[in-house]
Amino acid sequence: MELSATTPQIEGAAPAVTGETTESKSDKYIWGIYIFLCIVSIIELYSASSREVASARMGVYGPVVRHIFMIAAGCGIILLLQRVHYRKFIPLIPTFALLSVVMMIYVMFFGEVVNGARRSFSLCGVTIQPSEFLKLSAALVIAWIMSRTQIKGGVKRIGVIWSAIIVMAFSGLLIKQGMTNTILLMSISLSMMVIGGVEWKKFFCVLFVYGVCCGIFVLIIKSGGGDDDVDRSSTWKERVERFIGNGEPKYKQELNAKNRQEMYSYMAQANGGVFGVFPGNSRETARLPLAFSDFIYSIIIEDTGLVGGLFVLAAYLLLLGRASAISAKCSRVFPALLVMGMAVMIAFQALFHMAIVTGFFPVSGQPLPLISKGGTSILITSIALGIMLSVSRHAVRNDKKRNEINEEINALPEELRAANPTQL
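Every chain is numbered on its own, with residues counted from 1 as its sequence reads. Selection of residues for local features in this predicted model requires a pLDDT of at least 70, selection of side-chain atom pairs for listing and counting requires 80 or more, and totals for whole chains, interfaces and linings are taken over all residues. Hydrogens and waters are ignored; side-chain quantities use all the structure's heavy atoms.

A. Structural context of empty space enclosed by the protein. Points on a 1 Å grid over protein atoms alone make up a cavity when a 1.4 Å probe fits among them but cannot get out, and a pocket when they form an open set with protein on both sides within 12 Å along at least five of seven lines; lining residues each have an atom within 4 Å of a point. Grid points are joined across faces, edges and corners, and a volume is the space filled by probe spheres set on the points. The full count for this structure, using the stated rule, is 2 cavities of 30 Å³ or more. Together, Glu 132, Lys 135, Met 345, Ile 346, Gln 349, Pro 369, Ile 380 and Thr 381 line the largest cavity. Starting at the N terminus, helices and strands are each numbered in turn, a helix being any DSSP run of H or I of at least four residues and a strand any DSSP run of E of at least two. Listed by contribution, the elements that provide at least two residues to the lining of the largest cavity are helix H5 (130-148), helix H12 (333-358) and helix H13 (375-394). Per-element accounting of the lining of the largest cavity gives the leading share, 3 residues, to H12. Classification used: nonpolar for Ala, Val, Leu, Ile, Met, Phe, Trp, Tyr, Cys and Pro, charged for Asp, Glu, Lys and Arg, polar for all others including Gly. A class-by-class count of the residues in the lining of the largest cavity yields 4 nonpolar, 2 polar and 2 charged. Roughly 40 Å³ of volume is contained in the second largest cavity. Lining the second largest cavity are Ile 33, Tyr 34, Leu 37, Tyr 316, Leu 319, Ile 346, Pro 369, Leu 370, Thr 381 and Leu 385. Where the lining of the second largest cavity is concerned, the elements lending two or more residues are helix H1 (28-47), helix H11 (296-329) and H13.

Set out below in structure tokens:
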């Protein structure tokens, strides 16, 4: 099926591209948020790595040295991508998505078992988690499809259908790793549909379909279905039942092997109080499993208190707000959706991590972007930030001169020239 958009032509547009559009500096606010998160990451990763330090071959500083190396590699990716014009990412989107799907299918059958699920595989000694690639792919593909199917007053039905189909297909690949990634993908797609101007009737139809799919997933969990060699259904069922609970407060529940992750996490947050115990003085980091990854936000709160936890939360929300400001000034819809898709992916993943750690969601593995230990997560977050900075640097704002807007239109493929419906 052909995906195309009706593009409003600007009178006087040049027939060919005569040069690159005028560049500006990449967004300093995004850089500031990135630097802040990196500083928090290094300090808190060291604070939360007591378990790793005990067995580290490189000594006390081994875990943090490896983490700094990954942060530096991610910074190199950002510096490279922010200099590349965002239009050059367009032909790479289908290839990147296909590669992500192939890696995910491979992991489903041959991946390494981590915490009771097939999550990763090793390539040249590097551990790769395809689920992170799939999240980025979903945001990129939705931005690409919805930009191609823009019409006056909304998005073509075919664009909404294809976006929903791709999200459900990706969610199906992630289903064995838990419900959280599935809900995260659906949340990203729904947010981008709102940003892209999808009519409410179409939006609620997609929401209904997603709801039915989630309902079927819950029924599978309750029935204990699953007969492969790594059966996660019993684990999901126990987590959901513990989350729903029987009305008994958490502090009255007995600590056991099944709930120790969340219980130690709550203890860490309670110990932090309002201002924290200061980084390096964490009491629970030595007892809390995965304190350096899936539960690092609880260590941040223990170290820096409620105040520090709110600052970290504000950083991700500010990133989303800054992306919204950039998006609203873009002349074309594709860079607007691209920058928002990347920001929504990062911010939503952070919010999901925090919701899990603080008890609003059932326990599930979800890294805190840029802060949690994990090479793949840092790599994907860095790619997303690099794309955001590329848009902030190269996308033409709607307050620029007519000839600059015309140059940007001609530089884009014909089907991606639709005007940004949300521009201010």
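B. Spotlight on a nonpolar patch on the surface. Like-charged residues within 9 Å of one another, or nonpolar side chains (Val, Leu, Ile, Met, Phe, Trp, Tyr) within 5 Å, are grouped into patches, provided each residue has over 30% relative accessible area and no salt bridge. Methods summary: accessible areas were calculated by the Shrake-Rupley approach with a probe of 1.4 Å, and residue burial reflects only the protein chains presented. Here, a salt bridge means any side-chain nitrogen of Lys or Arg that lies within 4 Å of a carboxyl oxygen of Asp or Glu. Taken together, the side chains of Phe 36, Val 274, Phe 275, Leu 306, Val 307, Leu 310 and Phe 311 present a nonpolar region at the surface, about 690 Å² in accessible area. The leading source of residues in the nonpolar patch is H11, at 4 residues. Here Phe 311 lies in helix H11. The buried label applies to any residue whose accessible area, calculated with a 1.4 Å probe on protein chains only, is under 20% of its type's maximum; exposed applies above 50%, and partly exposed to all values in between. Given a relative accessible area of 52%, Phe 311 falls into the exposed group.

C. Here's a closer look at the nonpolar core. Among the nonpolar cores identified, the biggest contains 110 residues, and Leu 136, Tyr 316, Leu 368, Ile 371, Leu 385 and Met 388 are the most heavily contacted of them. Among the elements that make up this core, the one with the highest residue count is H12 (17 residues). Setting aside residues no more than four positions away along its own chain, Leu 368 makes contact with Ile 296, Tyr 297, Ile 300, Tyr 316, Ala 350, His 353 and Met 354. Put simply, a nonpolar core is a bunch of buried Ala, Val, Leu, Ile, Met, Phe, Trp, Tyr and Cys residues held in one set by side-chain atoms that sit within 4.5 Å of each other. In what follows, a contact means two residues having at least one pair of non-hydrogen atoms within 4.5 Å.

D. Spotlight on the pattern of salt bridges. For the coordinates displayed, the defined rule picks out 6 salt bridges. Note that Arg 322 is salt-bridged to Asp 27, the shortest N-O span being 2.7 Å. Highlighted residues: Arg 322 in helix H11 and Asp 27 in the segment before H1, separated in sequence by 295 residues. Judged by relative accessible area, which is 27%, Arg 322 ranks as partly exposed. For Asp 27, a relative accessible area of 7% gives the class buried.

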